[in-house]
Amino acid sequence: MGTVVTKAAQNLLLILVGAAALWITVATDEYLNYVKPGFRVLLVAAAVALVVLGAVGVRRDWRDDEDQDRQDGEDGHGQDPDGDHDHGRGPRVAWLLCLPALAIFLIAPPALGSFTASRDNARSAVPPPPPGEGFGALKPASSGAPTDMTLGEFIGRSFEAQTGDPAAMQGVPVRLTGFATPREKGNWHLNRLRMSCCAGDAIALRVVVHGANPPPADSWVQVVGTWTPPTAGRVATGVHELTATSVLPIKKPRNAYER
């Protein structure tokens, strides 16, 4: 026979799930590990609704128990002699259902990382489309100052350079941010994950890094370097490469996903 979930356990579970959702959206930024920032308002609203529903249920059950106790006292019955009258309380093991919700406060699942990126090694991410007005002009290579760029923009520009005029990217220093994963050929990947809605649909954006020792897997770094054109005769390869001049370890960003 399956375990019967008590009303009290159901109500407490609603409160705990709602409180956990409030914790990761209001008290911390952990919700960014699972959904895009725009979902914060919806998560907070859903969490408040769960807490309110749970609290109303607890109050209703408490009042029902008081009414039942008063009625038993007036009838002179007291407790059921067969021990079957439990005021709707079921097996105590049902309270164990609350443990997963409590675990969220202590062990919040992290953002996706190298495991997800490595699973996507067999397929290349489709280059993100450029902005409606196109990519802006880059600083000239002679300036020496690197241009901060997302991996999505770098891949988009790299694809345009591979299929059009490579001179627009050659020799121009850029600065990219992401986490490292090893690669079989001795160089390594700089990665960033992008999601459309939630972590379940995240895809990996990857750039092959040459000229620098690979950092530990999953470590976050900023890489300054220049675009590496494909080997002569190879165009639109879907592989985008960077020759690094410096690699700087950094802390994990507040939002691990690229917008």
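Described in the following lines is the structure provided in the data block. Worth saying up front: this structure is predicted, and the values here are computed from it rather than measured.

Regarding the overall build of the protein
In step 1: Secondary structure summary: the protein contains 5 helices and 6 strands in total.
In step 2: Reading the protein from its N terminus to its C terminus gives the helix and strand order α-α-α-α-β-α-β-β-β-β-β.
In step 3: Looking at the protein residue by residue over its 259 residues, the buried ones come to 34%.
In step 4: Counting every atom, the protein has about 15,100 Å² of accessible surface; 59% of that belongs to carbon and sulfur.

A few points about a nonpolar patch on the surface
In step 1: Together, Val-48, Val-52 and Val-56 make up an exposed nonpolar region whose accessible area comes to about 240 Å².
In step 2: Among the secondary structure elements, Val-56 is positioned in helix H2 (residues 40-75).

Thoughts on the side chain of Thr-147
In step 1: Considering the arrangement of structural elements, one finds Thr-147 in strand S1 (residues 147-148).
In step 2: Not counting residues up to four positions away in its chain, the partners in contact with Thr-147 are Leu-138, Lys-139, Pro-173, Val-174 and Arg-175.

Things to note about unusual backbone geometry
In step 1: One non-glycine residue, Asp-218, adopts positive backbone phi at about 75°.
In step 2: Looking at where Asp-218 falls in the secondary structure, it is placed in the loop between strand S4 (203-210) and strand S5 (220-228).
In step 3: Judged by relative accessible area, which is 39%, Asp-218 ranks as partly exposed.

Notes on helix H5 (residues 151-163)
In step 1: The first and last C-alpha atoms of H5 sit 18 Å apart over 13 residues, in line with the 18 Å expected at 1.5 Å per residue.
In step 2: Considered for burial, the residues of H5 that qualify are Leu-151, Gly-152, Phe-154, Ile-155, Gly-156, Arg-157, Ser-158, Ala-161 and Gln-162.
In step 3: Buried-residue contacts for H5 involve strand S2 (173-182), strand S3 (188-194), S4, S5 and strand S6 (241-249).

Details of helix H1 (residues 7-27)
In step 1: If you check H1, its first and last C-alpha atoms are 29 Å apart, about what 21 residues at 1.5 Å a residue would give, namely 30 Å.
In step 2: Taken together, the buried positions of H1 are occupied by Ala-9, Asn-11, Leu-16, Gly-18, Ala-20, Ala-21, Ile-24 and Thr-25.

So, the pairing of S3
In step 1: The element S3 is extensively covered by neighbouring structure, given that 6 of its 7 residues are classed as buried.
In step 2: Once S2 ends, the chain turns through 5 residues before running back antiparallel as S3, passing Gly-186 with a positive phi of about 100°.
In step 3: Relative to S4, S3 runs antiparallel, the two sharing 7 bridges. For Leu-190, the partnering residue across the bridge sits in S4 and is Val-207.

Brief notes about the nonpolar core
In step 1: Phe-154, Leu-176, Trp-188, Leu-190, Val-207, Val-223 and Leu-242 are the most contacted members of the largest nonpolar core, which has 21 residues in total.
In step 2: Residue assignment for this core shows that the elements contributing at least two residues are H5, S2, S3, S4, S5 and S6.
In step 3: Per-element tally for this core: the top contributor is H5, with 4 residues.
In step 4: Apart from the residues within four sequence positions on either side, Val-223 is in contact with Val-174, Arg-175, Leu-176, Trp-188, Leu-190, Val-209, Leu-242, Ala-244, Ser-246 and Val-247.
In step 5: Counting 9 residues, the second largest nonpolar core, distinct from the first, contains Leu-193, Met-195, Ala-202 and Ala-256.

With respect to the pairing of S2
In step 1: S2 sits mainly inside the fold: 8 of its 10 residues count as buried.
In step 2: With H5 bridging S1 and the parallel S2, this β-α-β connection has right-handed handedness.
In step 3: Note that S2 and S5 share 7 bridges and pair antiparallel. Note on S5: the bridge partner recorded for Leu-176 is Val-223.
In step 4: The pairing of S2 with S3 spans 4 bridges and is antiparallel. Within S3, the position partnered with Phe-179 by the bridge is Asn-191.

Definitions and cut-offs
- One numbering rule holds for all chains: residues counted from 1, following each sequence as written.
- Reporting in this predicted model follows two pLDDT cut-offs: at least 70 for local features of residues, and 80 or more for side-chain atom pairs to be given and counted; totals over whole chains, interfaces and linings ignore these cut-offs and use all residues.
- Computation of side-chain values: all heavy atoms of the structure, hydrogens and water removed.
- Numbering of helices and strands starts at the N terminus; helices are DSSP runs of H or I of at least 4 residues and strands are runs of E of at least 2.
- To sort residues, take the accessible area from a 1.4 Å probe on protein chains only and compare it with the maximum for the residue type: under 20% means buried, over 50% means exposed, and anything in between is partly exposed.
- Per-residue and other accessible areas follow the Shrake-Rupley method at a 1.4 Å probe size, with only the shown protein chains counted as cover for residues.
- Distance thresholds for patches are 9 Å for like charges and 5 Å for nonpolar side chains (Val, Leu, Ile, Met, Phe, Trp, Tyr), applied to residues having over 30% relative accessible area and no salt bridge.
- Definition used for salt bridges: Asp or Glu carboxyl oxygen within 4 Å of a side-chain nitrogen of Lys or Arg.
- Here, two residues are considered to be in contact whenever any of their heavy atoms come within 4.5 Å of each other.
- Here the expected span of a helix is defined as 1.5 Å times the quantity of residues minus one.
- A pair of strands is treated as paired once DSSP finds two or more bridges between them.
- Take the buried residues of types Ala, Val, Leu, Ile, Met, Phe, Trp, Tyr and Cys, join any two whose side-chain atoms come within 4.5 Å, and each joined set is a nonpolar core.
- Crossovers are described as right-handed under a simple rule: with the strands pointing away from the observer, the path leading from the first strand over the helix to the second runs clockwise.

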